[in-house]
Amino acid sequence: MHRPSTRSSHRRRRPAAASVLALTTWSLALPLIGCYAYVPVAKSATPALGESSILLTNAGSAAVQQKLGENVRTIDGPITRVTADSIELTVTDMFTQTRERFPQNGVPITVARANIEQVQTKTFSKKRTWSLVGIVAAVLAMALGASAIASASSSGDGGGGIQP
């Protein structure tokens, strides 16, 4: 009987191993990305320093126009200073009225509190974390199952067909 060469069975396993490696890498990276949410801060509260998103009023949009351009609705970045009258942040992203995103290179800007409609701070989200862990576990289980099936089918003796 004809047996497949060792090389051909190794070639069949490489894509499965590469897929498992890629899925494992994503499964480790996704929780770091997806475990956070922006949570609104009460208007009277002082927002914490750190990653935040600020929704501007129409007057606020007009006030930042010279530095950031027209139609700016939301600015994202780390808050660096908070006073009773203003919030200073380093803008890393900004969004227009139509939700178009424009990345920024850390433009420092101070916004008067009167020009801010809402402040949201980036916080750890248990709900998102557990949802993501469940999805990653399910995808890994399917990938490992498919890899095991592929490995089992490639380890046979090449079939029982009639050979001349």
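In this report, we go over the structure that sits alongside the text. The model shown is predicted, which means the values in this text are computed figures rather than measured ones.

## A short note on the packing of aromatic side chains
Line of reasoning, step 1. Taken as a whole and judged by the stated rule, the model has zero aromatic pairs.
Line of reasoning, step 2. Over the aromatic face of phenylalanine 95 sits the side chain of arginine 99, whose NZ or CZ is 4.6 Å from the ring centroid.

## Digging into the nonpolar core
Line of reasoning, step 1. Residues Ile54, Leu68, Ile75 and Ile109 are the most contacted members of the largest nonpolar core, which totals 16 residues.
Line of reasoning, step 2. If you list the elements that add at least two residues to this core, you get β2 (50-56), β3 (72-82), β4 (86-96), β5 (101-112) and β6 (116-124).
Line of reasoning, step 3. In this structure, leucine 68 is in contact with Ile75, Val91, Met94, Gln104, Val107 and Ile109, ignoring residues within four places of it in sequence.

## Observations concerning the sheet that holds β4
Line of reasoning, step 1. Pairing is antiparallel in the open sheet, where six strands are placed in the order β1-β6-β2-β3-β4-β5. At either end of the open sheet lies a strand with only one pairing partner, and these are β1 (36-41) and β5. Direction aside, neighbouring strands of the sheet carry axes that sit 35° apart on average.
Line of reasoning, step 2. Two strands pair when backbone bridges link them, and β1 and β6 are joined in this way by six bridges, in the antiparallel orientation.

## Regarding the pattern of salt bridges
Line of reasoning, step 1. Scanning all chains against the criterion turns up two salt bridges.
Line of reasoning, step 2. The salt bridge partner of arginine 73 is glutamate 117, with a shortest N-O separation of 3.3 Å. One end of the pair, arginine 73, is in strand β3; the other, glutamate 117, is in strand β6, and 44 residues separate them in sequence.
Line of reasoning, step 3. The exposure class of glutamate 117 is partly exposed, given its relative accessible area of 38%.
Line of reasoning, step 4. Residue aspartate 93 is joined to arginine 101 by a salt bridge in which the shortest nitrogen-to-oxygen separation is 2.8 Å.

Each value, and the rule that gives it
Residues numbered from 1 in each chain as written. Predicted model: local features only at pLDDT ≥ 70, side-chain atom pairs only at ≥ 80, totals over all residues. Heavy atoms only, no water. Phe/Tyr/Trp six-rings, centres within 6.5 Å; stacked < 30°, edge-to-face > 60°. Lys NZ or Arg CZ within 6 Å of the ring centre and 35° of its normal. Core = buried A, V, L, I, M, F, W, Y, C linked by side-chain atoms within 4.5 Å. Buried < 20%, exposed > 50% of the residue type's maximum accessible area, 1.4 Å probe, protein only. Helix = DSSP H or I, 4+ residues; strand = E, 2+ residues; numbered from the N terminus. Contact = heavy atoms within 4.5 Å. Pairing = 2+ DSSP bridges. Axes fitted to C-alpha atoms, helices over the stretch in contact; angles between N-to-C directions. Salt bridge = Lys/Arg side-chain N within 4 Å of Asp/Glu carboxyl O.

No statement about biological role is implied by the geometric values presented.
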